Amino acid sequence: MTATTLDPRTALVVIDLQKGIVGRETAHPAAGIVANSVALADAFRAKGLPVVLVHVVDGAPGRNETPMGGGRPPADWAEIVPELGPRDGDIVVTKRTWGAFHGTDLDLRLRRGGVTQIVLAGIATSIGVESSARAAHEHGYNVTIATDAVTDMDADAHRNSVEKIFPRLGETDTTEAIVALLG
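Residues numbered from 1 in each chain as written. Predicted model: local features only at pLDDT ≥ 70, side-chain atom pairs only at ≥ 80, totals over all residues. Heavy atoms only, no water.

Draft legend 1. The arrangement of unusual backbone geometry in detail. Of note, the amide linkage connecting G85 to P86 takes the cis form, showing an omega dihedral of 5 degrees. Within the secondary structure, P86 sits in the loop between β2 (51–56) and β3 (91–95). Residue A124 follows I123 across a cis peptide bond; omega there is 10 degrees. For A124, the position within the fold is in the loop between β4 (117–123) and α4 (125–138). Phi is positive for D16, close to 55 degrees, though the residue is something other than glycine. Turning to its location among the elements, D16 is positioned in the loop between β1 (10–15) and α1 (19–22). (Helix = DSSP H or I, 4+ residues; strand = E, 2+ residues; numbered from the N terminus.)

Draft legend 2. The arrangement of the nonpolar core in detail. Counting 29 residues, the largest nonpolar core has L12, L17, V22, L40, F44, L84 and I123 as its most contacted members. Mapped onto this core, the elements with two or more residues apiece are β1, α1, α2 (30–46), β2, β4, β5 (142–151) and α6 (175–182). With residues near it in sequence (within four places) discarded, V22 still touches L17, A30, V34, V81 and I123. A11, V115, V129 and I165 belong to the second-largest nonpolar core, a separate cluster that totals 26 residues. (Core = buried A, V, L, I, M, F, W, Y, C linked by side-chain atoms within 4.5 Å. Buried < 20%, exposed > 50% of the residue type's maximum accessible area, 1.4 Å probe, protein only. Contact = heavy atoms within 4.5 Å.)

Draft legend 3. α6, seen in detail. Of the positions making up α6, those classed as buried are T175, I178 and L182. Along the axis of α6, the buried residues cluster in a sector spanning 65 degrees; they form a single face. For α6, the exposed residues lying more than 90 degrees away from the buried face are E176 and A180. Residues of α6 that are buried make contact with α2, β4, β5 and β6 (171–173). One or two steps after α6, the chain reaches G183, where phi turns positive at roughly 85 degrees. (Arc of directions from axis to C-beta.)

Draft legend 4. The arrangement of the environment of G113 in detail. One can find G113 in the loop between α3 (106–112) and β4. Under the relative-accessibility criterion, G113 is labelled partly exposed at 32%.

Draft legend 5. View of the sheet that holds β1. Strand order in this open sheet of six strands is β3-β2-β1-β4-β5-β6, and the pairing throughout is parallel. Looking along the sheet, the strands with just one partner apiece sit at the ends: β3 and β6. Taking the axes of each pair of neighbouring strands and ignoring which way they run, one obtains an average angle of 25 degrees across the sheet. For β2 and β3, the ladder comprises five bridges, and the chain directions are parallel. The residue of β3 that forms the bridge with V56 is K95. Against the sheet, α2 contacts β1, β2, β4 and β5, and its axis sits at roughly 140 degrees relative to β5. (Pairing = 2+ DSSP bridges. Axes fitted to C-alpha atoms, helices over the stretch in contact; angles between N-to-C directions.)

Draft legend 6. The pattern of salt bridges, seen in detail. Scanning all chains against the criterion turns up nine salt bridges. With a closest N to O distance of 3.9 Å, D76 and K19 form a salt bridge. With a gap of 57 residues between them, D76 in the loop between β2 and β3 and K19 in helix α1 connect regions that are remote in the sequence. The salt bridge partner of D156 is R159, with a shortest N-O separation of 2.4 Å. Here D156 pairs with R159, and both are found in helix α5 (residues 155–169), just three residues apart, close to one helical turn. Owing to a relative accessible area of 54%, D156 belongs among the exposed residues under this scheme. (Salt bridge = Lys/Arg side-chain N within 4 Å of Asp/Glu carboxyl O.)

Spelled out as structure tokens, the structure:
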């Protein structure tokens, strides 16, 4: 669990810290995940580095055995939590699937900005964060996951992603260590 460096053009990508998801029961208190994500966003903004806020507004079509249910979500379900932003200069990405890259212009926007690395934070570790980490890795980005700025609705799924999957896709570390690497 050690991030070694951050590229000069690293972007923070925060996954699904929106009212409807932050309000769900998670393996780790969502308030702490939001606080650590805010600390990362503030540090990236202070360095003039891109902050990408991703929110999901719909689900991918198709059948599955465990549908996201509950009927129509509240009107503010997809709104990014206000303590995070967006702030002037932030990039907001709206997605309709688990990952932040599929069906969005995220890769194009990052490449236009010269970004070669992303730091990931958000909810849910094994769904949106892991899907985005896998896609970023496949797109050739260096990937770092802030392990204290991610959580899941399922503690075992979270642990599997952090311990087994993320080390194969990039590096992991704490918010404090990542902020220190920003200098």
